[in-house]
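# Coordinate analysis (summary)
If you want the building blocks of each chain, they are given just below.
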Amino acid sequence: MADKVKFFTLKRFQSKRDNLSRSHVTPSSLAVTRTVNSISESKPRNSNISNRFSASGIKELVQCALCLEVLHNPKMLPCQHTFCMACLSVYIADQIIFDCPICRTRIQVQGENFLENLPSNLYIDSLLQLVGINGTNTLTRPKSTDSPPGTPSSTSPSNPPQSVDLFAVGSRCAHCKTICNNEDITSCIHCKLKFCRVCWAQHLDDMRIQLKSIVKQLETADRNLEHKIEHYKDRCERIIERINIAAEEKIAVILEGKDSMLNETDYLKKSADLSALALKTSLDEARAVAIRAMDINDINDDNEKVTTFINLHQNAVQLLTDVSKWDTERFIFDQENFRLEMDSATPVDAESDDPVLESPKQNNPLESEENLVMHYRSRHFQPHFVWRKTTRPSGVGVSPWSNHLYVCGMDSHSVLVMERTQGKTVTRLSCDEMMCPVHIAFMKSLGEIYVTDKWKHCIHVFSKDGEYLRSIGQKGSRVGTFRSPEGIATDNASQYIYVVDTGNDRVQIIQPDGKFIDQIGVATKPQSSQATTLWTTKDIFCTELNAPTSVAVTNDRVIVLDSGNRRVKVYNKQDKNKIVEFGSTGQRKGQFRQPEVLAVDPMGYILVGDSGNCRVQVFKPTGQLVRVFGGYGTQPGQFGWISGIHVTKQLDIIISDTKNHNVNFF
């Protein structure tokens, strides 16, 4: 049990004069601690109503969210959350960009002395000193066998602790505890504490230091918004192009629908441009105000300085939230039904399966198809480990050399390498050109790692030792170029790389040096058109895929997730002909709603991350449904948005969740 912190209630000195006389204690010899109220306005000096709170309440206020102990050398992050300096040092490790463990705000590490330069939380620091808590963790350490010193009146068994009445002249500084005249005390409207002249100057300097961090966050948000705008415009332009192609095929009957959808798309694009422009303007204005506010010596009124800081901080938090939510509404062009499909909500009632009773005999699941089906149907899909060391994780993969797990961090601009047995980060893969890593694949025969970069429109290549080697491709529509590539897979036998060229609605097959080999889902077909009074026929370029997002390769098959059409399509690896396809739009079993990723187990069973329905569906190679598990939520076994999936040779399933900011191990 921790020592119970004793608090003495301040009352007027006159009401206890007799008790003090009997115990022979003079007011000047008493150690008095003022009662602390949760941040509120101080009451009149002659009030006989005292504010009380328990030691457990104090402990909760000064407890570090990382080590769950009393804060030691507290340091405050730009998002205003406070942790022990030692805990932050372990949590950040060697990361360049990390996220607040509480609010998930992205914070960039600036310099080697980043932690030492972080400001102290003035309120928490004052509270620690006020209740007598030091770095030895007074609230939580076990009782010492040595008795603490004390006066006879307060520690002897015959004289238990008493309430002491004092009458103090002036006010006490919350930082240095010095009692000063009221004219020498300044009250801060931000943290509701009082400071003497010396401590007030330091308090203003600490707030000015925090403005630098706010400026850096605004600059990072501005860069992220520029990348999002570029991707958004590319998608809008591609949708307009697909609408025009489909309209030419059905121009006789759906010309009116074509014009309507073009107008709607143009409206969405203009609305997005206007909102992006307004957001960029707000970011520029906030950044300019923050830069000007960094030099607060020109302002004579201290309250005005604090008010400027408060307003800028609140505005910055709102702007960061708006940038993160920009482009959350999803829309695609449904070519078969000739309409724009808008989808921004996440369902909570998609169908799923409960595990069935397993047969008494335990067989190896990989011995036969019957054993594997029973394995999936009887398995309880509750994660045995959840990893939460990165925000917005995407593609995942297990190295064929070290068995380490690689997790693409879209916001951290790097690929984290994790040691699976202990769940700790070993290293990271990154380069100056990396913007938004989405998926990862390995070429065991060459010892190379391939990472698709959605915003850079290329593939980054690393060695198995983590050394950056080269970049493949650039933005474009020609063969060998990419537009927002996402999924990637490798064929070690032929040493080919299969890249899902999402923006160009195709899957490209290339060599490790970037040389183009072939493509899947693309063909040419004749189209009739009327020029003046004559009808002519010409070959046009077309694709049967609509915003594909993932690919997997087996010995004889290539499996493509056609996300825009809500289907899984299986092709022959040799002649690229389609073998089978399955799926449709909906929430029932076997249907999809914005599927994002897929993986193939050692026996060719297909696992699809049905992100819009927040679940995983397992199919046989023929497309027959085997099992559905998951659901919308934040509890173990539930998902917010499935962004990566991998199946090991031992049938362990690893799933990343970009909205719940975790990686689940099943």
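Calculation criteria
- Residues numbered from 1 in each chain as written.
- Predicted model: local features only at pLDDT ≥ 70, side-chain atom pairs only at ≥ 80, totals over all residues.
- Heavy atoms only, no water.
- Helix = DSSP H or I, 4+ residues; strand = E, 2+ residues; numbered from the N terminus.
- Buried < 20%, exposed > 50% of the residue type's maximum accessible area, 1.4 Å probe, protein only.
- Contact = heavy atoms within 4.5 Å.
- Areas by Shrake-Rupley, 256 points an atom, 1.4 Å probe, with all protein chains shown as cover.
- Salt bridge = Lys/Arg side-chain N within 4 Å of Asp/Glu carboxyl O.
- Pairing = 2+ DSSP bridges.
- Axes fitted to C-alpha atoms, helices over the stretch in contact; angles between N-to-C directions.
- UniProt positions renumbered as here; feature names shortened; annotations may be inferred.
- Disulfide = S-S within 2.5 Å.
- Core = buried A, V, L, I, M, F, W, Y, C linked by side-chain atoms within 4.5 Å.

Helix and strand counts for the protein stand at 10 helices and 36 strands. Scored against the burial criterion, the 666 residues of the protein give a buried share of 47%. Contacts spanning at least 24 positions in sequence make up 52% of the contacts within the protein whose residues lie at least 6 apart. Total accessible area on the protein is roughly 33,100 Å²; 49% of this is exposed by carbon and sulfur atoms.

Right, let's get into the pattern of salt bridges. For the structure on display, the rule yields 27 salt bridges. The partner of Lys280 in a salt bridge is Glu226, with the nearest N and O atoms 3.6 Å apart. Here Lys280, found in helix 8 (residues 251-293), pairs with Glu226, found in helix 7 (residues 197-249); they are 54 residues apart in sequence, far enough to count as distant. In this structure, Glu369 engages Lys620 in a salt bridge whose closest nitrogen and oxygen atoms are separated by 3.3 Å. Highlighted residues: Glu369 in helix 10 (residues 369-378) and Lys620 in the loop between strand 32 (615-619) and strand 33 (625-630), separated in sequence by 251 residues. Counted as one network, the salt bridges with shared partners bring together Glu544, Asp562, Arg567, Lys569, Lys578 and Glu581.

Adjacent strands of a sheet pair through backbone hydrogen bonds, lying either parallel or antiparallel. Strands sit in the order 11-36-35-34 across an open sheet of 4 strands; the sheet is antiparallel. Only two strands of the sheet have a single partner each, and these edge strands are strand 11 (385-387) and strand 34 (642-647). Within the sheet, the average angular offset between the axes of one strand and its neighbour, ignoring direction, is 15°. Bridging between strand 35 (residues 653-657) and strand 36 (residues 662-665) involves 4 bridges; their strand directions are antiparallel. Within strand 36, the residue paired with Ile654 across the bridge is Phe665.

This part covers the UniProt feature "repeat: NHL" (unreviewed entry) in the protein. Feature annotation in UniProt places "repeat: NHL" (unreviewed entry) on residues 436-465, 469-513, 544-574 and 582-622, given in this structure's numbering. Along residues 436-465 one finds 0% helix and 63% strand; the C-alpha atoms at either end are 21 Å apart. Regarding residues 544-574, the helix share stands at 0% and the strand share at 52%, and the terminal C-alpha atoms are separated by 19 Å.

For the rest of this paragraph, the subject is the environment of Asn303. Among the secondary structure elements, Asn303 is positioned in helix 9 (residues 302-325). For Asn303, a relative accessible area of 34% puts it in the partly exposed group. Taking the C-alpha atoms as reference points, Asn303 and Thr186, 117 residues apart in sequence, are found 9.5 Å from one another. With near-sequence residues (within four places) excluded, Asn303 lies in contact with Ser187 and Ile189.

Once that is clear, we can look at the sheet that holds strand 32. Pairing within the open sheet is antiparallel, and its 4 strands lie in the order 30-31-32-33. What marks the edges here is a single partner per strand, and that holds for strand 30 (597-600) and strand 33. Taken over all neighbouring pairs, the strand axes of this sheet differ in orientation by 20° on average, direction set aside. Where helix 10 meets the sheet, it contacts strand 31 (606-610), strand 32 and strand 33, and its direction lies at approximately 25° from that of strand 33.

Let's shift gears to the pairing of strand 14 (residues 414-419). Most of strand 14 sits out of view: 6 of its 6 residues are buried. Neither face of strand 14 is open: one carries Ser414, Leu416 and Met418, the other Val415, Val417 and Glu419, and all of them are buried. As judged from the 5 bridges shared by strand 13 (residues 405-409) and strand 14, these two strands associate in the antiparallel manner. Note on strand 14: the bridge partner recorded for Val407 is Leu416. Count of turn residues in the strand 13/strand 14 antiparallel hairpin: 4 residues, of which His413 carries a positive phi of about 55°. The sheet contact formed by strand 14 and strand 15 (residues 424-429) spans 5 bridges and is antiparallel. The residue bridging Val417 from the neighbouring strand is Thr427, located in strand 15.

Applying the stated rule across the entire model yields 0 disulfides. The closest cysteine sulfur to the non-disulfide-bonded Cys100 is located on Cys79, 3.5 Å from its own sulfur. Cys408 forms no disulfide, and the closest cysteine sulfur to it belongs to Cys436, at a distance of 9.2 Å. Taking relative accessible area as the criterion, Cys408 reaches 0% and is therefore assigned buried.

Here we come to the pairing of strand 20 (residues 488-491). Side chains Ile488 and Thr490 project from strand 20 onto one buried face, and the interleaved Ala489 and Asp491 project onto a second face that is buried too. Pairing of strand 20 with strand 21 (residues 496-501) involves 4 bridges; the strand directions are antiparallel. Looking at the pairing, Thr490 lines up with Ile497 of strand 21.

Below, the discussion takes up the nonpolar core. Ranked by internal contacts, the top residues of the largest apolar core, which has 60 residues, are Leu77, Phe195 and Trp326. Sorting the residues of this core by element identifies strand 2 (82-84), helix 3 (85-92), helix 4 (114-117), helix 5 (122-130), helix 7, helix 8 and helix 9 as the ones contributing at least two each. With 13 residues, the single largest contributor to this core is helix 7. Val373, Val618, Leu651 and Ile655 belong to the second largest nonpolar core, which has 21 residues in total.

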